[in-house]
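Spelled out, the chains give:
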Amino acid sequence: MSIGGQPPATAGKVPVLDTVVESYRFVFANPGRFLALGWLPLLIAFSVNMVSDVRGEVGGGEDASVADWVAYVALEAGYWAMYAVFAVRWHRFYLLDERESVFSEFLAARNWRFLGYTLLLTFAPMVPMWVIVLISGFVSILPSIAASILLFVMFRFSLVLPGTAVDRPLGLGEAWHKMLGHTWRFIGAFFLVAIPAMFLIWIVSAILGQSLSGGITSGEPESMADVPVVTNAAIAIIGFLWTAAGITVLSKFYRHIVGGNTGEGGVVVGP
């Protein structure tokens, strides 16, 4: 099964900086789709942040009740599930120009496969790192070296995600092979796309943190309840804008490497 567009054999190098800029431009050019697809994951992400703050207020989680832990785990599980739904929908929006609701085909098999690959690529590298830490100790440089290698490996498999989202799945071996020659560019784009979001989150945290301190010293305790809510809401929104831009970056790499029509919102043609 093949996808129309530029054959991978003749595809040149992906322009990293242009890809990052165009990805953010695509997100901000489609605020309606972002809100339509992201409102529920955003709400869950905000709830996770709020529950984390509550657990932190009771002693870093040590004195948290069983109900607090259950709520936190449930929200985390809900977040990962809704992230997968959002990511699949955003990949399909960019690559297929599909404009379905976030609840359309909510339980489709592609969503579960995408979630499985996401969890695999996110958490599988941690297992050997834990083993190395247990064997060599925390002071060893081996975990740092292993982290760099495992990070490279994780990114090398990334094409399985958009392939799964558009119902043209790639095996792990095929994804590994197709990413050959593009991995470091993708890693560079991945980290570059995070810089604006991290900078904004730092600014928001700094400004609202100062406001919180000002509220405490000026005898305005009612502001103390407002600032964490505003902070967590802002961080959730910024974080999801970053997420959408990162998904778009991966979609761009997928289109460039595997094939597909050029231009934003183009359609990946059938087999």
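Note that this is a predicted model, so its numbers are computed, not measured. (Residues numbered from 1 in each chain as written. Predicted model: local features only at pLDDT ≥ 70, side-chain atom pairs only at ≥ 80, totals over all residues. Heavy atoms only, no water.)

Caption draft 1: How the structure looks around helix 4 (residues 109-123). A rise of 1.5 Å per residue sets the reference length of helix 4, with its 15 residues, at 21 Å; its end C-alpha atoms lie 21 Å apart and thus fit the reference within 8%. All of the buried residues along helix 4 are R110, N111, F114, L115, T118 and L121. Along the long axis of helix 4, the arc covered by the buried residues comes to 140 degrees, so they all point the same way. (Helix = DSSP H or I, 4+ residues; strand = E, 2+ residues; numbered from the N terminus. Expected span 1.5 Å × (residues − 1). Buried < 20%, exposed > 50% of the residue type's maximum accessible area, 1.4 Å probe, protein only. Arc of directions from axis to C-beta.)

Caption draft 2: Up close: helix 1 (residues 16-28). Taking 1.5 Å per residue, 13 residues should reach 18 Å; helix 1 reaches 19 Å between its end C-alpha atoms and fits that length. Three or more residues of helix 1 are buried, namely V16, T19, V20, S23, Y24, F26 and V27. Down the axis of helix 1, the sector holding all buried residues measures 155 degrees, keeping them to one side. Across from the buried face of helix 1, at angles greater than 90 degrees, the exposed residues are L17, R25 and F28.

Caption draft 3: Summary view of the side chain of T183. Position of T183 relative to the elements: it lies in helix 9 (residues 183-217). Leaving out residues up to four positions away in the same chain, T183 has contacts with F152, F155 and R156. (Contact = heavy atoms within 4.5 Å.)

Caption draft 4: Molecular detail of the confidence of the model for the protein chain. Here the protein chain averages 77 in pLDDT, while 73% of its residues score no lower than 70. pLDDT under 50 marks residues 211-226. Its contacts with residues more than four places away, or in other chains, come to six contacts. (pLDDT = per-residue confidence, 0-100.)

Caption draft 5: Region of the structure containing the packing of aromatic side chains. On inspection of all chains with the given rule, the structure shows 21 aromatic pairs. Both rings, one in F152 and one in W184, keep their centres 5.1 Å apart while their planes meet at 40 degrees; by these two values the pair is tilted. Placement of the pair is F152 in helix 6 (residues 142-156) and W184 in helix 9, with a sequence separation of 32 residues. When its relative accessible area of 63% is taken as the criterion, W184 is described as exposed. (Phe/Tyr/Trp six-rings, centres within 6.5 Å; stacked < 30°, edge-to-face > 60°.)

Caption draft 6: Fine view of the nonpolar core. Of all hydrophobic cores here, the largest spans 61 residues; its most connected members are F34, F86, W90, F114 and L159. Elements that contribute at least two residues to this core include exactly helix 1, helix 2 (31-57), helix 3 (66-96), helix 4, helix 6, helix 7 (160-165), helix 9 and helix 10 (222-258). With 13 residues, helix 10 is the largest single contributor of residues to this core. Those residues in contact with L159 that sit more than four places away from it in its chain are L170, A175, K178, M179, L250, F253, Y254, I257 and V258. (Core = buried A, V, L, I, M, F, W, Y, C linked by side-chain atoms within 4.5 Å.)

Caption draft 7: Inspection of the side chain of K252 at higher detail. Looking at where K252 falls in the secondary structure, it is placed in helix 10. Among the polar contacts listed, one links the side chain of K252 to the side chain of E22, at a separation of 3.1 Å. (Polar contact = N/O pair within 3.5 Å; in protein donor to acceptor, adjacent residues only side chain to side chain.)

Caption draft 8: The arrangement of the pattern of salt bridges in detail. This structure, assessed with the given rule, holds six salt bridges. Salt-bridge contacts for K252 lead to E22; the nearest nitrogen and oxygen are separated by 3.1 Å. Of the two residues, K252 is situated in helix 10 and E22 in helix 1; the sequence distance between them amounts to 230 residues. For K252, a relative accessible area of 12% corresponds to the buried category. Among the salt bridges present, the one from R110 reaches D167, with a minimum N-O distance of 2.9 Å. Taken together, the residues span a long stretch of sequence, with R110 in helix 4 and D167 in the loop between helix 7 and helix 8 (172-178) at a distance of 57 residues. On the accessibility criterion, D167 (33% relative accessible area) is partly exposed. The structure contains a network of salt bridges with shared partners spanning R89, R92, E98, R110 and D167. (Salt bridge = Lys/Arg side-chain N within 4 Å of Asp/Glu carboxyl O.)

Caption draft 9: Structural view of the environment of A194. Structurally, A194 is set in helix 9. When its relative accessible area of 9% is taken as the criterion, A194 is described as buried. In the structure, A194 is positioned 47 residues away from L241 in sequence and 10.0 Å away in space, judged by C-alpha atoms.

Caption draft 10: Up close: a nonpolar patch on the surface. Among the surface-exposed residues, L119, F123, M126, V127, W130, V131 and I135 lie close enough to one another that they form a single nonpolar patch of about 670 Å² accessible area. Of the residues forming the nonpolar patch, the biggest block, five residues, is contributed by helix 5 (residues 126-136). Among the secondary structure elements, V127 is positioned in helix 5. On the accessibility criterion, V127 (46% relative accessible area) is partly exposed. (Patch = residues over 30% accessible without salt bridge, like charges linked within 9 Å, V, L, I, M, F, W, Y side chains within 5 Å. Areas by Shrake-Rupley, 256 points an atom, 1.4 Å probe, with all protein chains shown as cover.)

Caption draft 11: Seen up close, unusual backbone geometry. Although it is not a glycine, D97 adopts a positive phi angle of roughly 55 degrees. If you trace the backbone, D97 turns up in the loop between helix 3 and helix 4. Judged by relative accessible area, D97 falls into the partly exposed class, the value being 33%. Look at D167: it is not a glycine, yet its phi comes out positive at around 65 degrees.

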